[in-house]
Amino acid sequence: MNAEENRLEESRRRKVHWKRWGPYLSERQWGTVRDDYSPYGTAWEFFPHDHAGRAPIAGGEDGLLGICDRHQLVCFALALWNGRDPILKERLFGLTANEGNHGEDVKEYYFYLDSTPMHSYMNALYKYPQGEFPYSQLVEENRRRSRKDFEYEGSLWIASRASSAACSGSATIILMSGRMSKYLKGRKGDVVSFRS
Amino acid sequence: VNRTHLVPVLRYLLDESEFLSPYGIRAISRFHKDHPYVLRVGGTEHRVAYEPAESSTGLFGGNSNWRGPVWFPINFLLIEALQKFHHFYGEEFMVELPTGSGRQASLWEAAAEISRRLTRIFLRSADGRRPVYGGLKKFQNDPYWCDLIYFYEYFHGDNGAGIGASHQTRWTGLVAKLIEQSVREV
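About the criteria used
Per chain, residue numbering runs from 1 following the sequence as it is written. Going through the entries in the order they are written, you letter the chains from A and number the ligands from 1. Where totals are concerned, whole chains, interfaces and linings use all residues; where local detail is concerned, this predicted model gives features only for residues with pLDDT of at least 70, and gives and counts side-chain atom pairs only at 80 or more. Excluding hydrogens and water, the side-chain values take into account all heavy atoms of the structure. Strands are runs of DSSP state E lasting at least two residues, helices are runs of H or I lasting at least four, and both sets are numbered from the N terminus onward. Here, residues are in contact when the closest pair of their heavy atoms is within 4.5 Å. Here the open area of atoms and residues is found with the Shrake-Rupley method and a 1.4 Å probe, where only the protein chains shown may cover a residue. The rule for a salt bridge is simple: a side-chain nitrogen of Lys or Arg has to be within 4 Å of a carboxyl oxygen of Asp or Glu. In this analysis an axis means a line fitted to C-alpha atoms, helices contributing only their contacting stretch, and an angle means the value between N-to-C directions, from 0 to 180 degrees. Oblique is the label for any angle not under 35 degrees, not over 145, and not in the 65 to 115 range, which are roughly parallel, roughly antiparallel and roughly perpendicular in turn. Crossing handedness is defined as follows: a turn of the near helix away from the far one that is anticlockwise and smaller than a right angle gives a left-handed crossing, while the clockwise case is right-handed. Classes in brief: Ala, Val, Leu, Ile, Met, Phe, Trp, Tyr, Cys and Pro nonpolar; Asp, Glu, Lys and Arg charged; the others, Gly included, polar. Three labels apply to residues, based on accessible area from a 1.4 Å probe with only protein chains included: buried if under 20% of the type maximum, exposed if over 50%, partly exposed otherwise in between. Following DSSP output, two strands are said to pair if at least two bridges run between them. For this count, His and the chain ends are skipped, Lys and Arg are scored as positive, and Asp and Glu as negative. Like charges are joined within 9 Å and nonpolar side chains (Val, Leu, Ile, Met, Phe, Trp, Tyr) within 5 Å, but only among residues with over 30% relative accessible area and no salt bridge; these make up the patches. Here is the rule: rings of Phe, Tyr and Trp (six-membered ring for Trp) pair when centre to centre is within 6.5 Å. Planes less than 30 degrees apart are stacked, more than 60 are edge-to-face, and the remainder are tilted. Working rule: Lys NZ or Arg CZ, within 6 Å of ring centre, within 35 degrees of ring normal, means a charge sits over the ring.

Chemist: In this structure, what is going on with the overall build of chain A? I would like to understand it.
Modeler: Looking only at helices and strands, chain A has six helices and nine strands in total. Look at the contacts in chain A between residues 6 or more apart in sequence, and 62% of them connect residues 24 or more apart. Carbon and sulfur atoms provide 52% of the accessible area of chain A, an area that totals close to 11000 Å².

In structure tokens form, the structure reads like this:
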């Protein structure tokens, strides 16, 4: 039995709570029915990505390549900044159903590369452009395209000169929610920085 | 279906000009590309044609197209069904694979062939390109991108290019199961 099979067995026999922590944090909570308080059930328009950094999310938490406990009381996620964007990269960007020819869709490049069953080891890659992230370009180009065209995923930014390298060796963890402050003595929006 | 029905059903399923694409079973036969299925109900004409790529309608949020592309959940169920039929009918039950080729194969081999075609979506072909990334040059050529694989929601019914959500890991991840099984056979 290898080390990971040992952990599986320990988890099965409830000796060690290996599954308490995992990549259970949503990639996004914007544009979901869980946060739809619109009068006509227009969930996508009611809570687009643009609101997610400013308004509290009621139905859950989200974050970039995040991990949390199985009750989602404590959430950790990456926040990146290339020094150019008007906002931090805290969650995946995307369009709502009626903003693009492909409907509701995330417009980011990220890859889950490896994981053990117990999440004792995980490896993921997020590609963040060193130039400005083309937020408005993605919105405008997708609005222009018809259903007969292919969707626009921002191939322009991955084709551009300086952007193929993933950015940033340092990572910042943001306190994600009020619920979390119980554990970490902070308020929502407080920044706890450390070097990764 | 019983044996009487299974034979003609598989004749369409394994026909490359109908359901059998180079990258799995299509959601609708390619026959309907030039011959849309038309149904008249109460004076209204409804029609459905083979559409291998993006959805042409806003149904289901406009980002699902079950009218032509290759979808993993259905393909996986078809593979399992063929394996069960093989278990019941055995090696003697042969079908033409693909239809019109004159080559006879057992149902197990037919299931394995569909599995191979699905797996081929992600593998580099002879020209060094991965069908899943179609015309995306960055993913085809850039050494920092070319080995990063997305598990798309569904795939182009003619060329295998990935379409829809790029992280439909749940069911497109079934390709891992297909690979595991094919390796065991070897």
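Chemist: Got a minute to help me understand the pattern of salt bridges in this structure?
Modeler: Working definition: two side chains of opposite charge can pair if their charged atoms are close together. Residue and element names in this part refer to chain B. Scanning the model with the defined rule gives 17 salt bridges over all chains in all. Between D147 and R130 there is a salt bridge, with its nearest N and O atoms 2.7 Å apart. Taken together, the residues D147 in the loop between α4 (137-141) and β7 (154-155) and R130 in the loop between α3 (107-120) and α4 connect sequence positions 17 residues apart. When salt bridges with common partners are traced through the structure, they connect E16, E113, R116 and R117 into a single cluster.

Chemist: What exactly am I supposed to notice about the packing of helix α2 (residues 72-89) of chain B against α3 of chain B here?
Modeler: Residues and elements named next belong to chain B. Interhelical geometry of α2 versus α3 gives an angle of 160° and a closest axis separation of 8 Å. Put simply, α2 runs roughly antiparallel to α3. In terms of crossing hand, the pair formed by α2 and α3 is left-handed. In this structure, α2 uses F72, N75, I79, L82, Q83, F85, H86 and Y89 to contact α3, whose residues at the interface are L107, W108, A110, A111, I114, S115 and L118. Residue composition of the contact of α2 with α3, grouped by class: eleven nonpolar, four polar and no charged.

Chemist: Is there a simple way to think about the pairing of strand β3 (residues 75-79) of chain A in this case?
Modeler: Where a strand is regular, its side chains alternate between the two sheet faces. What you see with β3 of chain A is a clean split: C75, A77 and A79 of chain A sit on the buried side and F76 and L78 of chain A on the side with no burial. Remark: five residues form the turn of the hairpin made by strand β2 (residues 64-69) of chain A and β3 of chain A, two consecutive strands paired antiparallel; Q72 of chain A in that turn has positive phi of roughly 55°.

Chemist: Would you mind showing me how to read the environment of L95 of chain A here?
Modeler: Turning to its location among the elements, L95 of chain A is positioned in strand β4 (residues 94-95). Separated by 48 residues in sequence, L95 of chain A and R143 of chain A place their C-alpha atoms 9.8 Å apart.

Chemist: Just to check I follow, could you spell out the side chain of E18 of chain B for this structure?
Modeler: Counting through the fold element by element, E18 of chain B comes out in the loop between α1 (3-13) and β1 (20-21). The side chain of E18 of chain B is buried and forms no salt bridge, while R26 of chain B, the nearest opposite charge, is found at 7.9 Å.

Chemist: Honestly, a nonpolar patch on the surface in this entry has me stumped. Any pointers?
Modeler: Residues and elements named next belong to chain B. Taken together, the side chains of Y37, L39 and V41 present a nonpolar region at the surface, about 290 Å² in accessible area. Inspection of the secondary structure assignment puts Y37 in strand β3 (residues 37-41). Y37 sits in the partly exposed class, given a relative accessible area of 48%.

Chemist: What is the right way to look at the packing of aromatic side chains in this model?
Modeler: The description of two aromatic rings rests on the distance between their centres and on the angle between their planes. As enumerated under the stated definition, the model contains 28 aromatic pairs over all chains in all. Note on F122 of chain B and F151 of chain B: the rings are 6.1 Å apart at their centroids and 40° apart in plane angle, and the pair reads as tilted. Here F122 of chain B is found in the loop between α3 and α4, whereas its partner F151 of chain B is found in the loop between α4 and β7, with 29 residues between them in sequence. Exposure remark for F122 of chain B: the relative accessible area of 8% places this residue in the buried category. For F151 of chain B, a relative accessible area of 27% gives the class partly exposed. Aromatic ring contacts, followed pair by pair, group Y109 and F111 of chain A together with F72, F122, Y133, F139, W145, Y150, F151, Y152 and F155 of chain B into a single cluster. Over the ring of F133 of chain A we find K89 of chain A; its NZ or CZ atom is 3.7 Å from the centre of that ring. If you follow K127 of chain A out to its NZ or CZ, it ends over the ring of W145 of chain B, 4.3 Å from the centre.

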